[in-house]
Amino acid sequence: MCNSLAPAPYRPAPGATEVQDSRKEYPPAPEPLPVPVMDNHTHLDFRHGLIEVAVSDAMDAAAAVGVQGAVQVGCDLESSRFTVQAVDTDPRLLGAVAIHPNDAPVYAGRGELESALAEIEELARHPRIRAIGETGLDFFRTHGEGLKHQRYSFRRHIDIAKRLGLTLQIHDRDAHDDVVQVLMEEGAPERVVFHCFSGDEELARICNDNGWYMSFAGTMTFKNAANLRAALAIAEPTRILVETDSPFLTPHPYRGRPNASYMVPYTVRSMAEVTKDDVAELCARLAANTLEAYGSWD
């Protein structure tokens, strides 16, 4: 049986005949936050549960627990086009568009990377697209010849972000040193966000020194994520953000189940335990940092 405490849009319709799988059920809604925040990285076009939720319903469920806005993120041309449509549909959304590092070799193999990058740049000119991302390097899923296409694509995305004056949202998986090296060689944009920060204290210090944002997801609540909590503990307070990366990376104790923007409060409260902040004060700081990173939602 579906958890009846999940927000209404995330529950199967009455009489649904789908075989229920508890791993695909959305978790219960958390206690609302005392001060509203934003989810600075979500994928509203991805489905990871039994339910397909409309953009406005997803944002209503988030708003009910104090998540007043979100950054919808594209990973390829299809999802980047969706992102532009979504930000036109709901004013609680801003957007980011890019070719994901694992998709760059795929486009390159079809001889379509240049045309894809050109379309990303055109989509990024929409006034509510505030970031180029997610882009970066992924040494976990891509190897060998594909890495040269990743590096090339990353450099091109950096260039687009700089020329358009947009924030850069970085995907960094098992590639910390190389990501930093490319940023230093190319010259980082004014605003850089390490989406789903996955580093340790060393990378946190590099981000502190360069004024780069560190965005913490549900992963920081995992029992085996001591490195993330150590990084958060020394992160410059004006450089921390919160995200879901939904429908992935659902925070403890619901790891493995679908994620959504309404789950942000679970991560925020875990962050407050690490930073030793009052939850309301941390929320206010996260909201201010998000506005500094992406601009106003108004």
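Further up the page is the structure itself.
Only a predicted model underlies this, so the values are computations on that prediction, with no experimental measurement involved.

S.K.: Sorry if this is basic, but what is going on with the nonpolar core here?
M.R.: F154, L168, L183, F194, F197, Y262 and M271 are the most contacted members of the largest nonpolar core, which has 79 residues in total. The element contributing the most residues to this core is helix 9 (residues 264–275), with six residues. The residues touching F197, leaving out its near neighbours within four places in the chain, are L203, A204, C207, M214, S215, F216, L228 and A231. Counting 13 residues, the second largest nonpolar core, distinct from the first, contains L94, V193, Y213 and A293.

S.K.: Would you mind going over helix 5 (residues 146–164) with me for this structure?
M.R.: Each full turn of the α-helix corresponds to 3.6 residues, which orients residues three or four apart in the same direction. The terminal C-alpha atoms of helix 5 lie 27 Å apart, and with 19 residues this matches the ideal 27 Å at 1.5 Å per residue to within 8%. What helix 5 keeps buried is the set G146, Q150, S153, F154, H157, I158, I160 and A161. Taken around the axis of helix 5, the buried residues stretch over an arc of 165°, which confines them to a single face. Phi turns positive one or two residues past the end of helix 5, at G165, with a value near 70°.

S.K.: What am I meant to see in the state of the cysteines here?
M.R.: Covalent bonding between the sulfur atoms of two cysteines is what defines a disulfide. Counting across every chain of the model gives zero disulfides. The thiol of C196 is unpaired, and the distance to the nearest cysteine sulfur, on C75, comes to 12 Å. For C207, which is in no disulfide, the shortest distance to another cysteine sulfur is to C196 and amounts to 13 Å. Classification of C207 as buried rests on a relative accessible area of 0%.

S.K.: Just to check I follow, could you spell out the side chain of S261 for this structure?
M.R.: Topologically, S261 is positioned in the loop between strand 8 (240–242) and helix 9. Among the residues examined, S261 registers a relative accessible area of 4% and is labelled buried. In this structure S261 touches D39, T42, A62, V67, A70, T244 and S246, once residues within four positions along its chain are discounted.

Scoring rules and cut-offs
Residues numbered from 1 in each chain as written. Predicted model: local features only at pLDDT ≥ 70, side-chain atom pairs only at ≥ 80, totals over all residues. Heavy atoms only, no water. Core = buried A, V, L, I, M, F, W, Y, C linked by side-chain atoms within 4.5 Å. Buried < 20%, exposed > 50% of the residue type's maximum accessible area, 1.4 Å probe, protein only. Helix = DSSP H or I, 4+ residues; strand = E, 2+ residues; numbered from the N terminus. Contact = heavy atoms within 4.5 Å. Expected span 1.5 Å × (residues − 1). Arc of directions from axis to C-beta. Disulfide = S-S within 2.5 Å.

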